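An overview of the molecular structure
Listed below, chain by chain, are the residues.
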Amino acid sequence: MIVVSDTTPLISLLKVNRLDLGESEAIVLADTLGADLTILDDGNARRVAMLEGMNITGTVGVLGKAYTKGFLTADELRRCVEVLRTSKRYISESLLNRLLAMV
């Protein structure tokens, strides 16, 4: 497990930007590691990361890339979309429909 040793940026993200702990940790860790890509779904966290100059994607982006690279079949992608639709996580219908339009 990788731990962020300087918690100052973490506390700033939590208080100033009102991000959850997990989102704040992901952004600080990605910045600390100089990550090429950060996976975030929360709109506010994505905004903060983009303002920091980070390259971001979300769950739908990961699924789309997995499909185009051949790691998921069309049926598997459809099943993933159905799971997302029935989960408690919010992902817009238009975004899910754009993902399905790939198949």
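Scope of this entry: the structure provided in the associated data block.

Thresholds, definitions, all that
- Residues numbered from 1 in each chain as written.
- Predicted model: local features only at pLDDT ≥ 70, side-chain atom pairs only at ≥ 80, totals over all residues.
- Heavy atoms only, no water.
- Helix = DSSP H or I, 4+ residues; strand = E, 2+ residues; numbered from the N terminus.
- Buried < 20%, exposed > 50% of the residue type's maximum accessible area, 1.4 Å probe, protein only.
- Contact = heavy atoms within 4.5 Å.
- Areas by Shrake-Rupley, 256 points an atom, 1.4 Å probe, with all protein chains shown as cover.
- Axes fitted to C-alpha atoms, helices over the stretch in contact; angles between N-to-C directions.
- Parallel < 35°, antiparallel > 145°, perpendicular 65-115°, else oblique.
- Nonpolar A, V, L, I, M, F, W, Y, C, P; charged D, E, K, R; others polar.
- Expected span 1.5 Å × (residues − 1).
- Arc of directions from axis to C-beta.

**What about the overall build of the protein?**
Along the backbone of the protein there are six helices and two strands. Here the protein, with 103 residues, has 29% of them falling under the buried criterion. Taking the intrachain contacts of the protein between residues at least 6 apart in sequence as the baseline, contacts between residues at least 24 apart amount to 30%. Accessible surface for the protein amounts to roughly 7,000 Å². Of this, 56% is attributable to carbon and sulfur atoms.

**Structural notes on the packing of helix H4 (residues 59-68) against helix H5 (residues 74-86)**
Relative orientation of the contacting elements H4 and H5 amounts to 170°, with a least axis distance of 10 Å. Classed by the angle they form, the pair H4 and H5 counts as roughly antiparallel. In this structure, H4 uses Thr59, Leu63 and Tyr67 to contact H5, whose residues at the interface are Ala74, Leu77, Cys80 and Leu84. Within the contact of H4 with H5, the residues separate by chemical class into six nonpolar, one polar and no charged.

**Re helix H2 (residues 21-33)**
Taking 1.5 Å of rise per residue, the 13 residues of H2 would be expected to cover 18 Å, and the 18 Å separating its terminal C-alpha atoms lies within 8% of that figure. Three or more residues of H2 are buried, namely Glu23, Ser24, Ile27, Val28 and Ala30. One side of H2 holds all its buried residues, which, seen down the axis, span an arc of 160°. Away from its buried face by more than 90 degrees, H2 exposes Thr32 and Leu33. Looking one or two residues beyond H2, the residue adopting positive phi is glycine 34, at roughly 65°.

**Some remarks on H5**
Along an α-helix, residues three or four positions apart point the same way, because every turn accommodates 3.6 residues. Under the 1.5 Å per step criterion, the end-to-end length of H5 is 19 Å for 13 residues, consistent within 8% with the ideal 18 Å. What H5 keeps buried is the set Leu77, Val81 and Leu84. Viewed end-on, H5 has its buried residues packed into an arc of 60°, placing them on one side of the element. Exposed side chains of H5 directed beyond 90 degrees from the buried face belong to Arg79, Val83 and Thr86. Looking at the buried positions of H5, the neighbouring elements they touch are H4 and helix H6 (93-100).

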